[in-house]
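Remarks on the overall topology
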Amino acid sequence: MKSYTGNAVVLVNAREIEAEVDMRQHIEYVQVGKDHLPGPTSWDGRLSVPAREGWTIESADQPHLLIGDSAAEFLISGGDPSTGEFTIRGNGAQPF
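Okay, so let's go over this structure. (Residues numbered from 1 in each chain as written. Predicted model: local features only at pLDDT ≥ 70, side-chain atom pairs only at ≥ 80, totals over all residues. Heavy atoms only, no water.)

1. Considering the pattern of salt bridges
The criterion, for reference: Every case where a carboxyl oxygen of Asp or Glu lies within 4 Å of a side-chain nitrogen of Lys or Arg is listed as a salt bridge. The classification of residues rests on relative accessible area computed with a 1.4 Å probe and restricted to protein chains. Under 20% of the type maximum is buried, over 50% is exposed, and intermediate values are partly exposed.
By the definition in use, this model includes 2 salt bridges. Residues arginine 24 and aspartate 22 are paired through a salt bridge, measuring 2.9 Å at the closest nitrogen-oxygen approach. The exposure class of aspartate 22 is partly exposed, given its relative accessible area of 26%.

Structure, rendered in structure tokens:
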């Protein structure tokens with residue numbers, strides 16, 4: 001399992017919002033004959049942004065998480081926009 005804890009940027013409508021994340025990648029294995037091969041991947045974790053930016057993140061249509069040169073779209077699966085603390089998830093290639 002791949003993971004990342006540290007600085008990130010949330011891209012919302014061409015704006016960059018500084019963030020802290022604690023993310024984990026998950027790989028689903030599928031059985032092909034007698035073998036178990038890596039299949040679909042997903043990732044999830046904690047996203048923290050300044051409280052003043054919480055509602056911006058909550059209302060964004062297609063927010064992206066940027067770590068280094070890698071970006072990926074994510075969905076909010078929980079949290080509180082008034083504090084800027086969220087649980088997020090994404091599918092496919094992770095940005096870490």
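2. Details of the nonpolar core
What counts, and what does not: Remark: nonpolar core denotes a set of buried residues (Ala, Val, Leu, Ile, Met, Phe, Trp, Tyr, Cys) joined through side-chain atoms within 4.5 Å. Only DSSP runs of H or I covering at least 4 residues are called helices, and only runs of E covering at least 2 are called strands; the numbering of each starts at the N terminus. Two residues form a contact once any of their heavy atoms are found within 4.5 Å.
Val10, Leu47, Ile57 and Leu65 are the most contacted members of the largest nonpolar core, which has 19 residues in total. Secondary-structure elements contributing two or more residues to this core are strand 1 (3-12), strand 2 (15-32), strand 3 (35-48), strand 4 (64-67) and strand 7 (85-91). Per-element accounting of this core gives the leading share, 4 residues, to strand 2. Excluding residues that lie within four positions of it along the chain, leucine 47 makes contacts with Val10, Ala19, Glu20, Val21, Ile57, Leu65, Phe74, Gly84, Glu85, Phe86 and Ile88.

3. A closer look at the packing of aromatic side chains
To keep it simple, the criterion reads: Each aromatic pair joins two rings of Phe, Tyr and Trp (for Trp, the six-membered one) with centres within 6.5 Å, and gets the label stacked for planes under 30 degrees apart, edge-to-face for over 60, and tilted for any other angle.
On inspection of all chains with the given rule, the structure shows 1 aromatic pair. Arranged with centres 6.5 Å apart and planes meeting at 90 degrees, the rings of tryptophan 43 and phenylalanine 96 form a pair that is edge-to-face. Of this pair, tryptophan 43 sits in strand 3 while phenylalanine 96 sits in the segment after strand 7, placing them 53 residues apart in sequence.

4. Some details on the sheet that holds strand 5 (residues 70-73)
Condition: Criterion used throughout: strands pair if DSSP finds at least two bridges between them. Think of each axis as a best-fit line through the C-alpha atoms, taken over the contacting stretch in the case of a helix, with angles from 0 to 180 degrees between the N-to-C directions.
Strands sit in the order 5-4-1-2-3-7-6 across an open sheet of 7 strands; the sheet is antiparallel. Pairing within the sheet leaves two strands with one partner each, and these edge strands are strand 5 and strand 6 (75-80). Going across the sheet, the axis of each strand differs from the next one's by a mean of 30 degrees, ignoring polarity. Sheet topology note: the strand 6/strand 7 ladder contains 5 bridges and is antiparallel. Each bridged residue has a counterpart across the sheet, and for isoleucine 76 the counterpart in strand 7 is isoleucine 88.

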